[in-house]
Amino acid sequence: MSDEISIAAGNATAPGQAGEGVSPAPGAAGRKVFVKTYGCQMNVYDSERMTDALVPQGFSATDSVEDADLIILNTCHIREKAAEKVYSELGRLRKLKAARAESGKQTMIGVAGCVAQAEGEEIARRAPVVDLVFGPQTYHRLPELVTRARAGESVVETEFEIEAKFRHLSTPSSAPAPTGRRGPVSAFLTVQEGCDKFCTFCVVPYTRGAEVSRDVDQIVAEAERLAARGVREVTLLGQNVNAWHGEGPDGRAWGLGELLHRLAGVEGLDRLRYTTSHPRDMDDALIAAHRDLPEVMPYLHLPVQSGSDRILKAMNRRHTRDDYFRLIDRIREGRPDLALSCDFIVGFPGETDADFRDTMDLIERVGFASAFSFKYSPRPGTPGATMDAHVPEAVMNERLQELQALVAQQQKAFNESLVGTSCDVLVEKRGRNPGQVTGRSPWLQPVQIDADESLIGEIVAVEITGREANSLFARRVAGQDGGQAHPQRVRA
Ligand code: SAH
Ligand code: SF4
Ligand code: F3S
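Residues numbered from 1 in each chain as written. Chains lettered and ligands numbered in written order. Predicted model: local features only at pLDDT ≥ 70, side-chain atom pairs only at ≥ 80, totals over all residues. Heavy atoms only, no water.

1. Focus on the overall build of the protein
How we decide: Elements are defined by DSSP. Helices are runs of H or I of four residues or more, strands are runs of E of two residues or more, and each kind is numbered from the N terminus. For every residue, the accessible area (1.4 Å probe, protein chains only) is compared with the maximum for its type, and the residue is labelled buried under 20%, exposed over 50%, or partly exposed between those bounds. By the convention used here, residues are in contact when the closest approach between their heavy atoms is within 4.5 Å. What sets the accessible areas is the Shrake-Rupley method with a 1.4 Å probe; for residues, cover comes only from the shown protein chains.
Looking only at helices and strands, one finds 14 helices and 20 strands in the protein. Residues classed as buried in the protein amount to 59% of the 492 residues present. When contacts within the protein are restricted to residue pairs at least 6 apart in sequence, long-range pairs at least 24 apart make up 74% of them. Working note: accessible area of the protein is about 19,500 Å², and carbon and sulfur atoms make up 50% of it.

Quick look at the structure:
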């Protein structure tokens, strides 16, 4: 999960794409919306759906904040100063709004996402420039909220209405356009939202609410729509994605393993991924899906946070380091080429040097292809925020550096081990230089290939010829697959 990203959800959701058959509201045509996204992939997905929801109102997306009639900050509250960053951004937007007003243009400003949920009315109070504040589970009502704000109301909506949102997401008129961050051939699909785990450091159960799973039919319909638009890879999203237990067409609650089997059968979808998983919810069926389904990519983000049993307990992660080792062994048994990625927190209250050594030892023993690591940041309202024995900033810095150096070394070794081998790459977009295209390996690294743009959207067999810190270089080779345990379908 990225620390903070900042992108426009701008990939122009043209009217007629998401808003088929719906006429713009009278007098509203031609308005532009700019969404700035912070936080996790689910916020990226949500930003795009917000734009989609506004199409019937005559809005289209813009990449230029200066041109926008509606500016939405889709915020994240996961680590420190998130709220402060939002307020300073709002200070900049106040000036922009004033400058646009001078040339006779009205600008509306909205704050969405997890800071909106956590701060609610406080935002409107501290930053009167804001016209509407709405939590992550209310954006399906955005057209109505915008209309109310235009009429002069200061709108604050932070109800948890997740079922209504999922129903809205599943109506064909709000069908997601293939605008996932990785390009039109790869898209995100939210299957589950919210969290019941209450790790003591984490704000997500408070900002996203209780766990809710989407039903199988809704998910399959969305996957089919994406596939029909040329999407070949889908990443299923959930705060706790492997706790997903949606109702199947047979009336039973399915698990994620079963869902992956169903989605593997969707014509045109060749690659499936999911994120983010909790170790407690890796059940037998899901582990078997990694072994049995060639569509499930051999890459798993499985955060452990700490390698110390004492700290894992204090974090309320509800498993031990040995549980994690055993789990990894079981998954790797069925899928030996699995690449693992992880999240770590250093400096949780009470973390001693010995605890940190346990984390370093866990990393040594497991071996990760990549990892995100963070200094502990007390979040208001979480149990961790009231714990004593704070770890000094300097110690956290040292631990973070040491941990990141080890992970970087492992990442380098993993990438190096691929040089000279062959694999399949899903070609996603133009490359860095003319005559190059960029795709993704099964293990999620970006791969630069000397090849023609006509290959975008194809899965091609390549030989890895070199590597950089975060990406690989490759040349095309003939034929099917190159030694993956599970060959992927390759189009010549
Ligand atoms: N649902 C996912 C993680 C969601 S948050 C899971 O259970 O693993 C993404 C990552 O942010 C977490 O894995 C954790 O490493 C980090 N994080 C969350 N809260 C944090 C905090 N208070 N301080 C520092 N890092 C935090
Ligand atoms: Fe946060 Fe824990 Fe839930 Fe992940 S499982 S979202 S870390 S409370
Ligand atoms: Fe951030 Fe909310 Fe996602 S706090 S990480 S945007 S769930």
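2. Points about the sheet that holds strand β12 (residues 271-275)
Filter applied, for reference: Should DSSP find at least two bridges between two strands, the strands are regarded as paired. Axis definition: a line fitted to C-alpha atoms, over the contacting stretch in the case of helices. Angles run 0 to 180 degrees between N-to-C directions.
Across the sheet, three strands lie side by side as β8-β11-β12; this open sheet has parallel pairing. Strands at the two margins of the open sheet, each flanked by one partner only, are β8 (186-190) and β12. Strand after strand, the sheet turns through a mean of 25 degrees between neighbouring axes, direction not considered. Of the strands in this sheet, β8, β11 (233-237) and β12 touch helix α1 (residues 41-54), which is tilted by about 95 degrees from β8. Where helix α8 (residues 216-228) meets the sheet, its contacts fall on β8 and β11, and the angle it forms with β8 comes to roughly 165 degrees.

3. Section: the site of ligand 1
Where we set the bar: Put simply, a residue is near a molecule or strand once any heavy atom of it comes within 4 Å of that molecule or strand. The definition of a polar contact used here is a pair of N or O atoms within 3.5 Å, where within protein one atom must be able to donate a hydrogen and the other to accept one, and adjacent residues in sequence count solely through side-chain atom pairs. Amino acids are sorted into nonpolar (Ala, Val, Leu, Ile, Met, Phe, Trp, Tyr, Cys and Pro), charged (Asp, Glu, Lys and Arg) and polar (every other residue, Gly among them).
If you check the shell around ligand 1, you find 16 residues, and the closest are Arg-79, Gln-239, Gln-305, Asp-343 and Ser-377. Between Gln-305 and ligand 1, the recorded distance is 2.7 Å, taken from a side-chain N or O atom to an oxygen atom. Relative to its unbound accessible area of 540 Å², ligand 1 is 95% covered by the protein chains. Counting only elements with at least two residues in the shell around ligand 1, the list comes to β14 (339-346) and β15 (370-375). Broken down by class, the residue content of the shell around ligand 1 amounts to seven nonpolar, four polar and five charged.

4. Topic: the site of ligand 3
Contacts to ligand 3 come from Cys-40, Asn-43, Thr-75, Cys-76, His-77, Ile-78, Cys-114, Arg-208 and Gln-239. Its residues assigned to classes, the shell around ligand 3 comprises four nonpolar, four polar and one charged.

5. Comments concerning the side chain of Thr-62
With respect to the helices and strands, Thr-62 occurs in the loop between β3 (59-61) and β4 (70-75). Polar side-chain contacts of Thr-62 include one of 3.0 Å to the backbone nitrogen of Ser-64.

6. Some thoughts on α1
Short version of the rule: A helix's residues, less one, multiplied by 1.5 Å, set its expected span.
The terminal C-alpha atoms of α1 lie 20 Å apart, and with 14 residues this matches the ideal 20 Å at 1.5 Å per residue to within 8%. Counted residue by residue, α1 has 14 buried out of 14 residues, so it is predominantly covered.

7. Re unusual backbone geometry
Following Thr-275, the chain continues to Thr-276 via a peptide bond in cis, the omega torsion being 5 degrees. Relative to the helices and strands, Thr-276 is located in the loop between β12 and α10 (284-292). Of note in the backbone geometry, Gln-305 takes a positive phi value of approximately 75 degrees without being a glycine. The exposure class of Gln-305 is buried, given its relative accessible area of 7%. Positive phi values are uncommon outside glycine, yet Ala-389 reaches one of about 60 degrees. Assignment of secondary structure puts Ala-389 in the loop between β15 and α14 (393-418). Judged by its relative accessible area of 48%, Ala-389 is partly exposed.

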